[in-house]
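Structural features, examined
Each chain, letter by letter, is given below.
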Amino acid sequence: MTIRNWVIFFFKALMIGGAVTGVLGLIIRWEDAFAPYVASGEYTEFAASFLWFVFLGMTMSVLSQMGFFAYLTVHQFGVNIFRTLTLWNWVQLLIIALVIFDLIKFRFMPLAETKSQMLLYLGLLTLLLVTGLVVAYFKAKWTKKHTFISALFFMIVITTLEWLPVLMVDEKDVDRYVTLLLFPLLAVNAYQLLKLPKYNAKSDADRIKLEERRKARAEAEKAKA
């Protein structure tokens, strides 16, 4: 990918993370983070709180992008180590199963003190799995069929790793942060996975155009000589 296209790719992902977190922050954190400022007429504080959530979403977007490019390296290592893509896909499926088990047994169950909290976490897990399956389906449909498992692995395993620091926070409003911060991770990861081929193709086209311009200039200089 060319630097120009990478910058566009980066900032679009940044905006997605900020926008998703800002909008959902208004919904999920309305009672404690926004409603008091509206009630007291402190609209400057309201705007500052909204911008804070936007910045938080941008931070999660950067984390997501770091995870994405790290996974591209891990994926290549996996294919090289296990020799075949088929074997590497089976390994990825095993890791997906282990991560789901870890989420339920060691993350959700210790955090859930009530039945409603457990239902919330299971709902978030369902959202993670359904989103992963949908994104993986379109990734395979728009590129190659064998990318389904890799896309599913990225959407579930890598998203969970990026989400893990929030799951380890021990605060009274942890449920709201766990809920809120899953959405920008899913949105940015889905964007990166589905749109990367477009930017790679655009970068290849830009290189071809640049090479054609160089050849045209060289031929023009020869003609002048």
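Refer to the preceding data block for the structure.
Quick caveat: nothing in here was measured; it's all calculated off a predicted structure. (Residues numbered from 1 in each chain as written. Predicted model: local features only at pLDDT ≥ 70, side-chain atom pairs only at ≥ 80, totals over all residues. Heavy atoms only, no water.)

Structural notes on the overall build of the protein
Along its length, the protein carries seven helices and zero strands. Traced from its N-terminal end to its C-terminal end, the protein shows the element sequence α-α-α-α-α-α-α. Against the 2.2 N^0.38 benchmark of 17 Å for 225 residues, the protein shows a C-alpha radius of gyration of 22 Å, more extended than a compact globule. Projected onto its principal axes, the C-alpha coordinates of the protein cover approximately 80 × 50 × 25 Å. Relative to its 225 residues, the protein shows a buried fraction of 40%. Pairs at least 24 residues apart make up 74% of the contacts formed inside the protein by residues separated by at least 6 positions. Counting every atom, the protein has about 13,100 Å² of accessible surface; 69% of that belongs to carbon and sulfur. Here the protein contributes 24 positively and 17 negatively charged side chains, and the mean placements of these two sets differ by 14 Å. (Helix = DSSP H or I, 4+ residues; strand = E, 2+ residues; numbered from the N terminus. Rg over C-alpha atoms; globule rule 2.2 N^0.38 Å. Buried < 20%, exposed > 50% of the residue type's maximum accessible area, 1.4 Å probe, protein only. Contact = heavy atoms within 4.5 Å. Areas by Shrake-Rupley, 256 points an atom, 1.4 Å probe, with all protein chains shown as cover. Lys, Arg positive; Asp, Glu negative; His and termini not counted. Charge placed at Lys NZ, Arg CZ, Asp CG, Glu CD.)

As for a positive patch on the surface
Among the surface-exposed residues, Arg4, Lys12, Lys195, Lys198, Lys202, Lys209, Arg213, Arg214 and Arg217 lie close enough to one another that they form a single positively charged patch. Secondary-structure elements contributing two or more residues to the positive patch are α1 (3–28) and α7 (174–224). Of the residues forming the positive patch, the biggest block, seven residues, is contributed by α7. With respect to the helices and strands, Arg4 occurs in helix α1. (Patch = residues over 30% accessible without salt bridge, like charges linked within 9 Å, V, L, I, M, F, W, Y side chains within 5 Å. Salt bridge = Lys/Arg side-chain N within 4 Å of Asp/Glu carboxyl O.)

Section: the packing of helix α2 (residues 30–40) against helix α3 (residues 43–82)
The contact between α2 and α3 brings their axes to 7 Å, and the two run at 155 degrees. Relative to α3, the element α2 is oriented roughly antiparallel. Judged by the twist between their axes, the crossing of α2 over α3 is left-handed. Residues Trp30, Ala33, Phe34, Tyr37 and Val38 of α2 pack against Tyr43, Glu45, Phe46, Ser49, Phe50 and Phe53 of α3. (Axes fitted to C-alpha atoms, helices over the stretch in contact; angles between N-to-C directions. Parallel < 35°, antiparallel > 145°, perpendicular 65-115°, else oblique. Left-handed = near helix turned anticlockwise from the far one by under 90°.)

Digging into the nonpolar core
Phe108, Tyr121, Trp163, Leu167 and Val178 are the most contacted members of the largest nonpolar core, which totals 47 residues. Among the elements of the structure, α1, α2, α3, α4 (85–111), α5 (115–142), α6 (147–167) and α7 are those that each provide at least two residues to this core. Take this core: its biggest share by element is 13 residues, from α7. Beyond its immediate stretch of four places on either side in the chain, Val178 contacts Tyr121, Leu124, Trp163, Val166 and Leu167. (Core = buried A, V, L, I, M, F, W, Y, C linked by side-chain atoms within 4.5 Å.)

Here we look at a nonpolar patch on the surface
A cluster of nonpolar side chains, namely Met1, Ile3, Trp6, Val7, Phe11, Phe69 and Leu72, defines an oily patch on the protein surface of about 620 Å² accessible area. With respect to the element layout, Met1 can be found in the segment before α1.

Here's the deal with the packing of α5 against α6
For the pair α5 and α6, interaxial distance at closest approach is 8 Å and the crossing angle is 145 degrees. Note on packing geometry: the crossing formed by α5 with α6 is right-handed. For the pair α5 and α6, the contacting residues are Leu124, Leu128, Leu129, Thr131, Gly132, Leu133, Val135, Ala136, Tyr137, Lys139 and Ala140 in the first and Thr147, Phe148, Ala151, Leu152, Met155, Ile156, Thr159, Thr160 and Trp163 in the second.

Things to note about the environment of Gly57
With respect to the helices and strands, the residue Gly57 is situated in helix α3. On the basis of relative accessible area, Gly57 is assigned to the buried category, the value being 0%. When the C-alpha atoms of Gly57 and Asn200 are compared, they prove to be 25 Å apart, with 143 residues separating the residues in sequence. Excluding anything up to four places from it in sequence, Gly57 contacts Gly17, Gly18 and Thr21.

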